[in-house]
Amino acid sequence: MNHKKKLVLVGNGMAGIRTLEHLLKIAPGIYDITVFGAEPHPNYNRIMLSSVLAGGAGLQDIVINDWSWYEENHIRLFTGDPVTEIDTDKQQVTSRSGVCVPYDLLLLATGSNAFILPLSGANKEGVIGFRDIRDCETMMETAKTHKKAAVIGGGLLGLEAARGLLNLGMDVTVIHIHEHIMDRQLDEAASLMLRRELEEQGMNFLVNKRTAAITGRRRVEGLKFADGSELEADLIVMAVGITPDIELAVSAGIPVNRGIIVNDYMETGIPGIYAVGECAEHRGITYGLVAPLYEQGGVLAQRLAGMETPGYRGSVISTRLKVSGVDVFSAGCYKDEPGTRSLRYQDEIGGVYKKIVIKEEKLIGAVLFGDTSDGAKLFSLIKSGESIVGREKELLLGFHPGQSEANGSIMLEQMPDDEIVCGCNGVSKGDIGEAVAAGCRSLGEIKACTKASASCGGCKPLVEGLLQLYTGAETGELVKEGICGCTTLDREAIIGSIREMGLKSVKEVMNVLSWSEPEGCTKCRPALNYYLGMVWPLDYEDEKESRFTNERYHANIQKDGTYSVVPRIYGGVTSPADLKKIAAVAEKYNVPLVKFTGGQRLDLLGVKKEDLPGIWSELDMPSGHAYGKTLRTVKTCVGNTFCRFGTQDAMGMGIRLEKAFERMNAPAKVKLAVSGCPRNCAEATIKDLGVVAIDGGWGIYVGGNGGIKVRASELLCTVKTEDEVMEWTGAYLQYYREQANWGERTAHWVERVGLEAIKQALANAETRQELVSRIEETLSATTDPWREIIHDKELLKNFVQLPELNSVTE
Amino acid sequence: MEINTTTTSRIRVANLSDIDLQGARTVRIRNIEVALFRLSDGSVRALENRCPHKGGRLSEGMICGSAVHCPLHDWKIDLSSGQVQEPDTGCVTTFPTEIDRESGAVYIVI
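Keep in mind that this is a model prediction, so the values were computed, not measured.

## Looking at empty space enclosed by the protein
Residues and elements named next belong to chain A.
Consideration 1: Under the defined criterion, the tally for this structure stands at three cavities of 30 Å³ or more.
Consideration 2: The space that makes up the largest cavity amounts to roughly 70 Å³.
Consideration 3: Lining the largest cavity we find Pro526, Asn529, Tyr530, Ser546, Arg547, Glu551, Lys629, Asn665, Ala666 and Trp742.
Consideration 4: Counted by class, the lining of the largest cavity contains four nonpolar, three polar and three charged residues.

Below, the structure written as structure tokens:
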């Protein structure tokens with residue numbers, strides 16, 4: 001029945017799966033695909049293992065394509081089951097467990113292995129590489145019971161491993177065979193500055209050391225060096241390089257050298273068999289970085305899809321060290337050699353070093369330490385090979401005294417259309433131009449459309465520059481700025497990355513998206529906390545340390561350091577019993593001021609922080625959330641229950657709304673109101689959402705504000721029943737939650753995007769239903785904060801002062 | 001009593017486990033309210049719990065890296081030096097802290 005060609009992928013890593021992703025995008029459904037992976041995991045992001053070690057991400061967070069992705073794309077997946085045999089005559093592969101699958105096309109993406117030095121004792125327990133999830137787990141396990149770690153190799157990988165081990169609380173010594181660490185990427189000056197920085201973080205270094213043997217019985221106990229000295233160690237990480245995994249190819253008779261030899265179309269010496277990624281050798285070079293693998297994957301996907309492609313021509317590479325607090329960038333030929341000239345800027349106080357290397361008017365290399373913001377720009381110039389005469393100083397310093405800042409855009413204008421801007425995803429300047437022509441107007445849209453800057457983010461400044469170039473001339477519209485000073489990314493880009501990369505914590509977002517401040521600021525932290533909660537309503541654990549005081553202590557902080565307590569009074573309707581209870585509590589705790597709020601509730605003001613839990617517990621009423629970026633009140637008039645003009649049950653409608661949406665987090669505070677007739681006694685037309693009864697129905701008004709700038713709301717729609725009011729309100733609120741910037745009130749949001757756009761989005765009943773089900777899902781995961789705190793010792797402790805224990809006078 | 005102004009004492013004020021990471025606790029010592037901050041790297045800083053601007057309680061602020069933001073008007077104060085960060089100016093009194101890694105006891109020298 002199935003006449004599709006059979007494609008078998010050996011290797012479930014980044015290169016192979018990236019090729020499939022690309023292929024499925026440009027030519028969906030043309031192959032019947034089977035994937036074999038040696039590891040027991042779905043496809044994950046290996047370059048983020050260092051973030052896992054550093055504590056910024058969990059193992060589950062670095063999965064790129066989870067199990068469902070394979071299912072949705074009808075890919076058969078065998079994990080933990082490596083292919084052990086390829087029969088090139090019968091065109092079939094056999095796995096370790098005996099699964100036998102025929103192929104028409106075979107794709108080898110077997111990756112590489114950590115190179116383990118052939119030392120005596122290298123097979124002892126406690127000697128590992130830094131390659132996969134298992135190595136990471138071994139490090140985390142070992143750190144629980146052992147103290148001393150040694151990392152052999154002071155290169156990129158070794159330093160990332162060492163930083164991770166430091167985070168796990170181990171004493172770490174890095175052993176490097178040469179004088180200078182990262183000597184394959186950095187010159188002497190930058191290497192010394194890097195070493196000093198890392199030493200300050202607590203890393204130890206032994207340089208000019210050749211390891212001779214590993215000591216210990218069953219488990220490793222230490223290292224012996226060629227010079228006779230020794231070092232104790234409970235864990236040894238070998239990070240001296242990688243070797244392409246070519247065993248399978250060799251046994252199948254596929255021509256290899258260091259790696260599996262491929263041509264510009266990633267074809268091996270045997271027809272129908274391709275290789276991509278770290279296992280492949282192209283024009284004599286094997287690559288161990290992600291960008292070239294993605295470029296290769298792109299070419300191969302086009303080939304497999306039967307498209308014309310100019311082929312892969314090799315990659316110029318750049319590197320960035322992913323270690324918190326240290327910014328290092330290097331690209332091209334970074335060392336001074338005969339025939340080269342260089343410019344340097346060295347600031348030992350500020351910890352900044354920059355160097356550019358020039359040969360025959362062209363930029364051929366760069367090293368940046370401390371400030372790597374120009375990395376992408378310099379890298380692009382290295383790749384383009386254009387003349388930089390007259391611009392040298394500007395490239396080094398980032399400005400040219402006496403000249404305007406127009407140079408950046410001139411550089412972008414002169415850039416050829418086919419030049420790759422985003423190396424990770426193979427996006428050219430021309431692709432971005434097309435995306436802009438197709439209507440993309442923000443970094444986020446370009447990213448969603450082309451994937452440019454969706455991986456490492458290093459090309460972001462370039463993409464932004466191009467966006468400005470293309471839109472500037474035509475519309476004069478400015479590129480959106482970042483959400484705060486810690487990042488240049490805007491809301492769309494951040495939320496896009498959260499969804500795309502499955503980011504699940506504030507720290508992880510900052511790590512992955514290269515925040516300039518490692519722990520962010522009071523602007524971005526609450527914003528990220530909100531966005532994460534909005535994207536992952538059921539999985540995300542709210543981070544209280546990223547919330548403002550009010551939302552951390554669930555009370556309004558006042559100017560004298562006291563707090564206020566506002567219990568929830570649904571729709572402003574209370575009872576004598578509740579009033580008595582509130583009065584009794586106010587008396588008992590000597591509450592200095594009791595006041596009705598503007599939203600029909602009672603405010604107990606001037607409460608000491610340590611009294612808050614006691615008050616909450618005695619009130620035994622839900623929190624009114626009078627302090628948060630949440631649903632605050634639903635103000636009501638008396639409606640047709642008593643009023644002679646009332647046409648509908650305003651109180652009932654208000655209470656129903658408040659009960660449905662209480663505890664709803666939002667980008668900003670949200671206030672609702674329900675008026676029982678067009679006389680509008682509840683002032684519903686200056687609320688975020690107001691419901692006004694008419695004869696036989698309800699008008700729903702949105703975007704009102706009674707705050708600093710009064711804004712009357714506008715009619716969203718008119719409906720007949722209470723259920724419809726609930727549906728439209730839920731859909732509207734969720735749409736606002738998903739679309740507005742953090743801190744943006746509905747009035748500003750409506751003005752920014754326009755009521756018509758919102759009406760259009762909500763017009764479709766199906767869309768409304770989806771929005772409603774998403775807000776219901778979100779609300780299902782909320783709890784009453786007061787109740788939570790009074791029942792949790794760990795949360796309670798923060799409300800009391802510590803006792804002063806004892807003092808020794810000296 | 002004015003004579004002994006140079007006398008310092010070492011006071012045990014807390015256990016590490018009393019203070020959440022990126023959180024703060026307060027303790028009153030000789031009529032000064034002191035805020036103890038625990039940074040994400042596990043270290044502890046002690047400052048007088050008063051923003052030089054309008055007296056905001058710094059212990060209620062958000063801790064970002066090695067700084068705290070006052071909860072009242074977002075002034076940013078370096079927790080090591082007590083220095084108010086630009087564009088604002090001023091300084092908060094800081095106190096040296098010591099941690100006994102074995103027992104987790106936190107001491108303030110005042």
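## As for the confidence of the model for chain A
Residues and elements named next belong to chain A.
Consideration 1: Across chain A, the average pLDDT comes to 88, with 95% of residues at 70 or higher.
Consideration 2: With pLDDT under 50 throughout, residues 401-406 is counted as low confidence; its partners more than four residues away or in other chains account for one contact.
Consideration 3: In this model, residues 473-480 is a region of pLDDT below 50 whose contacts with residues beyond four sequence positions or in other chains number 13 contacts.

## Brief notes about the sheet that holds strand β32 (residues 593-596) of chain A
Strand pairing in a sheet relies on backbone hydrogen bonds. The paired strands run either parallel or antiparallel.
Residue and element names in this part refer to chain A.
Consideration 1: Spatial ordering of the open sheet is given by β30-β31-β33-β32, a layout of four strands whose pairing is antiparallel. Edge positions in the sheet fall to β30 (556-557) and β32, since each has one partner strand and no second.
Consideration 2: As paired strands, β32 and strand β33 (residues 602-607) are joined by four bridges and run antiparallel to one another. Within β33, the residue paired with Leu593 across the bridge is Leu605.
Consideration 3: Of the strands in this sheet, β31 (563-565) and β33 are in contact with helix α20 (residues 612-619), which crosses β31 at around 5 degrees.

## As for a negative patch on the surface
Consideration 1: Taken together, the side chains of Asp417(A), Asp418(A), Asp431(A) and Glu434(A) make up a negatively charged region of the molecular surface.
Consideration 2: Structurally, the position occupied by Glu434(A) is in helix α12 (residues 429-437).

## Quick word on the layout of surface pockets
Residue and element names in this part refer to chain A.
Consideration 1: Its boundaries defined by the atoms lining it, the second largest pocket holds a volume of some 440 Å³.
Consideration 2: Taken together, 23 residues form the lining of the second largest pocket, with Gly598, Gly599, Arg632, Lys669 and Lys671 sitting closest to its centre.
Consideration 3: Ranked by residue count, the leading element in the lining of the second largest pocket is strand β34 (residues 631-636), at three residues.
Consideration 4: Here the lining of the second largest pocket is composed, by residue class, of three nonpolar, ten polar and ten charged.

What counts and what doesn't
The numbering scheme is per chain: residues are counted from 1 as the chain's sequence reads. Chain labels run from A onward and ligand labels from 1 onward, assigned in the order the entries are written. Where local features are concerned, this predicted model is filtered to residues with pLDDT of at least 70; where side-chain atom pairs are given and counted, the filter is 80 or more; whole-chain, interface and lining totals use all residues. Think of the side-chain values as coming from all heavy atoms in the structure, minus any hydrogens and water. Residues are said to line a cavity or pocket when one of their atoms sits within 4 Å of a point; the points come from a 1 Å grid over protein atoms alone, cavities being sets where a 1.4 Å probe fits but cannot get out and pockets being open sets with protein on both sides within 12 Å along at least five of seven lines. Grid points are joined across faces, edges and corners, and a volume is the space filled by probe spheres set on the points. In the scheme used here, Gly and all other residues not listed as nonpolar or charged are polar, with Ala, Val, Leu, Ile, Met, Phe, Trp, Tyr, Cys and Pro taken as nonpolar and Asp, Glu, Lys and Arg as charged. The predictor rates its confidence in each residue with pLDDT, a number between 0 and 100. The contact criterion used throughout is that any non-hydrogen atoms of two residues lie within 4.5 Å. Here, strands pair whenever DSSP counts at least two bridges between them. A run of H or I in DSSP becomes a helix once it reaches four residues, and a run of E becomes a strand once it reaches two; helices and strands are each numbered from the N terminus. Helix axes are fitted to C-alpha atoms over the stretch in contact, other axes to C-alpha atoms as well, and angles between N-to-C directions run from 0 to 180 degrees. In this analysis, a patch consists of residues with relative accessible area above 30% that form no salt bridge, clustered at 9 Å for like charges and at 5 Å for the nonpolar side chains Val, Leu, Ile, Met, Phe, Trp and Tyr. Only the protein chains shown count as covering a residue, and every accessible area follows the Shrake-Rupley method with a 1.4 Å probe. Counted as salt bridges are all cases of a side-chain nitrogen of Lys or Arg within 4 Å of a carboxyl oxygen of Asp or Glu. The positive count covers Lys and Arg only, the negative count covers Asp and Glu only, and His and the chain ends enter neither. Note that the charge is assigned to NZ on lysines, CZ on arginines, CG on aspartates and CD on glutamates.

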